[in-house]
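Listed below are the residues making up each chain.
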Amino acid sequence: MNSLNASFSQNITIVHPNYFFIIGLSGVPYSSYYYIFLFITYFITIIGNSIVLLIIALERSLHSPKYIGVFNLALADIGETNALIPNMMKTFLFDSQYISYNACLANMFFVFLFSTMQSFTLVVLAYDRFIAICLPLRYHALVNNTNMTLVLSAKWAFNSSVVALMVSLITRLSFCESTVIQSYFCDHGPVYRLACNDNSVNRFMGTFITTLYLVIPLTIIILSYLGIFLALNKITTWESRLKALKTCVSHLLVVGIYFLPISCAYIAAFMLSLAPNARVISTSLAYAVPPMLNPIIYVLNTAEIKDIMRKMLKNRSTPSGDNISK
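Summary of the structure given here. (Residues numbered from 1 in each chain as written. Predicted model: local features only at pLDDT ≥ 70, side-chain atom pairs only at ≥ 80, totals over all residues. Heavy atoms only, no water.)

### A short note on the nonpolar core
Side chains of a nonpolar character, in soluble globular proteins, are inclined to be buried together. Membership of the largest hydrophobic core comes to 80 residues, with the highest contact counts inside it found for Phe-20 and Ile-170. The leading source of residues in this core is helix H4 (residues 101-134), at 14 residues. Contact partners of Phe-20, with chain neighbours within four places excluded, come to Gln-97, Tyr-98, Ile-99, Tyr-101, Cys-104, Phe-175, Thr-179, Ile-181, Val-191 and Leu-194. Counting residues in each nonpolar core, the second largest holds six residues, with Val-124, Ile-131, Met-148 and Leu-152 among its members. (Core = buried A, V, L, I, M, F, W, Y, C linked by side-chain atoms within 4.5 Å. Buried < 20%, exposed > 50% of the residue type's maximum accessible area, 1.4 Å probe, protein only. Helix = DSSP H or I, 4+ residues; strand = E, 2+ residues; numbered from the N terminus. Contact = heavy atoms within 4.5 Å.)

### As for the state of the cysteines
What the rule picks out here adds up to two disulfides. The disulfide that involves Cys-104 links it to Cys-186, with 2.1 Å between the sulfurs. The sign of the S-S torsion, about -130 degrees, decides the handedness of the disulfide formed by Cys-104 and Cys-186: left-handed. Here Cys-104 is found in helix H4, whereas its partner Cys-186 is found in the loop between strand E3 (180-181) and helix H7 (188-192), with 82 residues between them in sequence. Neither Cys-104 nor Cys-186 differs from the other in exposure class; each is buried. The disulfide partner of Cys-176 is Cys-196, and the gap between their sulfur atoms is 1.8 Å. A residue pair is termed long-range when its members are at least 10 positions apart, and Cys-176 in the loop between helix H6 (145-168) and E3 and Cys-196 in the loop between H7 and helix H8 (200-233) qualify at 20 residues. Numbered in order of appearance, the disulfide-bonded cysteines of the chain are paired 1-3, 2-4. Cysteine Cys-248 is unpaired, with the sulfur of Cys-134 as its nearest cysteine sulfur at 8.9 Å. Under the relative-accessibility criterion, Cys-248 is labelled buried at 0%. (Disulfide = S-S within 2.5 Å.)

Quick look at the structure:
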């Protein structure tokens, strides 16, 4: 009976606020120009990734394991951008920095879900390149459309479960003092640090998420490319080496654009005492810019997509030329 009363009294002390206050870019001169930049970034990201999705969906020659991965990456890019930038634009347009408790948890879930899918998809694409170059004779046995679809589906389910667990653990926290989030969205770290009860489980979960979706994927990708470079050294001619390496250029660029900014932002946050506005700008750029650049990289650096776009443009211009000749 005493244990029941103790449990009941402990539950009473859990305080969930009606709203959180997201600080965003407060007190930064000319911050409106940054919001305009974010709006342009959002527009380019949605249009660019939608084009990539349409091209891959409509062109049967691109229905291959590699482009299933690229399709998944574009989907995650659109999801993450929609979870982040519209909320920031709402702050700018309507001067509304309040977000309800449940909306905050939903925002946290979707931002982290799509971000983790970006990271894991880059690992899958690295595996695709590793098998294609190091084990070319076994490529179609190890990497095919069915296997790629199953792997990516499993990753969606796994990431959803892990992120849902991370977000659900926030509900055990009591926010009895400040409700001001030192970020531009309902970021996990700034939220759990506001708690006035024990948040050690949440701190562990934050470290676990960072390790699982940042450190481990980057390590796997680096190891896979070490294997690729060792395999390339065994190729006798430079022409064959360059031809094989060229198939990795787009993926390497996307990996660098994703992991480098976000790693620098995390390292700076741990090693330096960044001002809140500096942290907001650095992390928002690390999250917002890569989804904008990914479709540009894949369109400009992938021969198959460039050839398809040339054919589409040529087909559109052909009828007008025929009409003129008539």
